[in-house]
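Observations on chain architecture
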Amino acid sequence: MQAVEDAGGDTLPLLADVEAIARRAGEAVMAVYAGDFAVHTKADVSPVTAADDAAEALIVPALQALTPGVPVVAEEAVARGEVPATGRRFWLVDPLDGTREFVSRNGEFTVNLALVVDGEPLLGVVLAPALGAKGRLFAGARGQGAWLDDDQGRRAIACRREAGIGAVVACSRSHGDAAQLDAWLGDRAVARRVPVGSSLKFGLLACGEADLYPRLGRTMEWDTAAGHAVLLAAGGCVLTLQGEPLRYGKPGFENPHFVALAQRPAGG
């Protein structure tokens, strides 16, 4: 609990516990993924499955036991009207980010857990349980670095400098607007675009596989906080289109449009 209280020091033991919770949630997700499942529609017209509910039912009590007294804001609970009061510290949980990818069975869905302190994601874990034999897990904590754990083993990761041939742009597979993205990119040199689902786009930037991720559509804080934390730990940043750092704990938990960058602007 000390790492949460002082928002500093060694947060790695806490991060290791969160990784373990994400792994268990990933197992619950994969148990549903392996069989037939129904798809329901929530009030906001987004899809939900038994995997969303099973993962959230595991994650929320686990985080409450790990950090007693720290509120947990979880997507499906909020959809039911269960919205805890948040203070300086709270968890943001998306038990299954990329439900459309889950339904399409393309593997590009994630479990997202993030701890927010004073409006900034302090640590986060993004797990893509269907990618590879052991899944692809991205983790990071402010001041402690970022890691990728997959079939190749566990290793430190960091953002790269953009190559001179142009940017590799990560973009949404299921929520993209090509014309809007074209307009935003303008005359910027682009080497290629990489469509990918869920918060994996943040992971691509964090491990040096992409350079920027503009999001010009609706997202909620639980969609982005975990990936944002990993990207910050790897040396990147997430800015609003006005150039301000993306913050958390906003009324309604809705994000403005933003761009995630592997390179922080000068002076940033």
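Rules used in this analysis
Here the residue index of a chain counts from 1 through its sequence in written order. Where local features are concerned, this predicted model is filtered to residues with pLDDT of at least 70; where side-chain atom pairs are given and counted, the filter is 80 or more; whole-chain, interface and lining totals use all residues. Excluded from the side-chain calculations are hydrogens and water; all other atoms, namely the structure's heavy atoms, are used. Here's how the labels work: a residue is buried when its accessible area is under 20% of the maximum for its type, exposed when over 50%, partly exposed in between, all with a 1.4 Å probe on protein chains only. In this description a helix means any DSSP run of H or I spanning at least four residues, a strand means any run of E spanning at least two, and both kinds are numbered starting from the N terminus. In short, DSSP must find at least two bridges between two strands for them to pair. Axis angles are defined between N-to-C directions and span 0 to 180 degrees, where every axis is a line fitted to C-alpha atoms and, for a helix, only to the segment in contact. Contacts are assigned to residue pairs that have any heavy atoms within 4.5 Å of one another. By definition here, a helix of n residues has an expected span of 1.5 Å times n minus one. Put simply, a nonpolar core is a bunch of buried Ala, Val, Leu, Ile, Met, Phe, Trp, Tyr and Cys residues held in one set by side-chain atoms that sit within 4.5 Å of each other. Pairing of aromatic side chains requires ring centres within 6.5 Å, counting the rings of Phe and Tyr and the six-membered ring of Trp. Pairs whose planes differ by under 30 degrees are stacked, by over 60 edge-to-face, and all others tilted. Ring-over charges, as used throughout, are those where CZ of Arg or NZ of Lys falls within 6 Å of the ring centre and within 35 degrees of the ring normal. Counted as salt bridges are all cases of a side-chain nitrogen of Lys or Arg within 4 Å of a carboxyl oxygen of Asp or Glu.

Here's the deal with the pairing of strand 13 (residues 237-240)
Within a regular strand, the side chains alternate between the two sheet faces. Residue alternation in strand 13 divides its side chains into two sets, Cys237 and Leu239 and Val238 and Thr240, and both sets are buried. Bridge count for strand 13 against strand 14 (residues 258-261) is four bridges, and the pairing is antiparallel. From the neighbouring strand, threonine 240 faces strand 14, where its bridge partner is phenylalanine 258.

Topic: the sheet that holds strand 6 (residues 120-128)
Within the open sheet, the seven strands sit side by side as 3-4-5-6-7-8-9. Their pairing is mixed. Unpaired on one side and paired on the other, strand 3 (72-74) and strand 9 (153-157) mark the two borders of the sheet. Across the sheet, the axes of successive neighbouring strands diverge by a mean angle of 15°, strand direction being ignored. With seven bridges joining them, strand 5 (residues 110-117) and strand 6 adopt antiparallel strand pairing. Paired with leucine 115 across the two strands is leucine 123, which belongs to strand 6. Packing against the sheet, helix 3 (residues 50-66) makes contact with strand 3, strand 4 (89-97) and strand 5, and its axis sits at approximately 155° to strand 4. The strands touched by helix 8 (residues 221-233) are strand 3, strand 4, strand 5, strand 6, strand 7 (136-141) and strand 8 (145-150); relative to strand 6, the strand with the most contacts, the crossing angle is about 100°.

Some points on helix 8
Structurally, the α-helix is built with 3.6 residues per turn, so residues lying three or four positions apart point the same way. Relative to the 18 Å expected for 13 residues at 1.5 Å per residue, helix 8 spans 18 Å between its end C-alpha atoms, a close match to the ideal helical length. Where burial is concerned, most of helix 8 is hidden: 13 out of the 13 residues are buried. Backbone geometry just after helix 8 places glycine 235 at a positive phi near 110°.

Side note on the nonpolar core
Within the largest apolar cluster, 39 residues are counted, with the highest numbers of intra-cluster contacts made by Leu92, Phe138, Leu205 and Leu231. Of all elements in the fold, only strand 4, strand 5, strand 6, strand 8, strand 10 (167-172), helix 7 (200-206), helix 8 and strand 14 reach the threshold of two or more residues within this core. Ranked by the residues each element gives to this core, the list is headed by helix 8, at six residues. In this view, phenylalanine 138 contacts Gly124, Val125, Val126, Trp147, Leu148, Ile157, Leu200, Gly203, Cys207 and Val230; residues no more than four positions away in its chain are not counted. Counting residues in hydrophobic clusters, the runner-up holds 37 residues, among them Ala22, Tyr33, Phe102 and Leu137.

Focus on the environment of glycine 208
Relative to the helices and strands, glycine 208 is located in the loop between helix 7 and strand 12 (212-215). Assessed through its relative accessible area of 17%, glycine 208 is described here as buried. Residues within four places of glycine 208 in sequence aside, it is in contact with Ala158 and Arg160.

Looking at the packing of aromatic side chains
Applying the stated criterion across every chain, the model contains eight aromatic pairs. A centroid spacing of 5.0 Å and a plane angle of 75° characterise the contact between phenylalanine 102 and phenylalanine 109, whose relative ring orientation is edge-to-face. Each ring, one from tyrosine 213 and one from phenylalanine 258, has its centre 5.7 Å from the other, and the planes form 90°; the classification is edge-to-face. Here phenylalanine 258 lies in strand 14 and tyrosine 213 lies in strand 12, a separation of 45 residues in the sequence. Comparing tyrosine 213 with phenylalanine 258, the two get one shared label, buried. Linked through ring pairs, Tyr33, Phe37, Phe102 and Phe109 together constitute an aromatic cluster. Lying over the aromatic face of tyrosine 33, arginine 105 brings its terminal NZ or CZ to 5.4 Å of the ring centre. We note lysine 250 situated over the ring of tyrosine 248; from NZ or CZ to the ring centre the distance is 5.1 Å.

Brief notes about the side chain of histidine 228
Structurally, the position occupied by histidine 228 is in helix 8. The residues touching histidine 228, leaving out its near neighbours within four places in the chain, are Pro121, Phe202, Val238, Leu246 and Tyr248.

Examining the pattern of salt bridges
According to the stated counting rule, one finds 13 salt bridges in the structure shown. Residues arginine 136 and aspartate 150 are paired through a salt bridge, measuring 3.6 Å at the closest nitrogen-oxygen approach. Note that arginine 136 is positioned in strand 7 and aspartate 150 in strand 8, a separation of 14 residues in sequence. Each of Arg136, Asp150, Arg155 and Glu209 takes part in one network of salt bridges that share partners.

Some words on the environment of alanine 22
Mapped onto the fold, alanine 22 is located in helix 2 (residues 12-33). Among the residues examined, alanine 22 registers a relative accessible area of 0% and is labelled buried. Between the C-alpha atoms of alanine 22 and proline 214, which are 192 residues apart in sequence, the distance is 26 Å. In contact with alanine 22, not counting residues within four places along its chain, are Leu113, Val125 and Leu127.

Geometry only, nothing functional implied.
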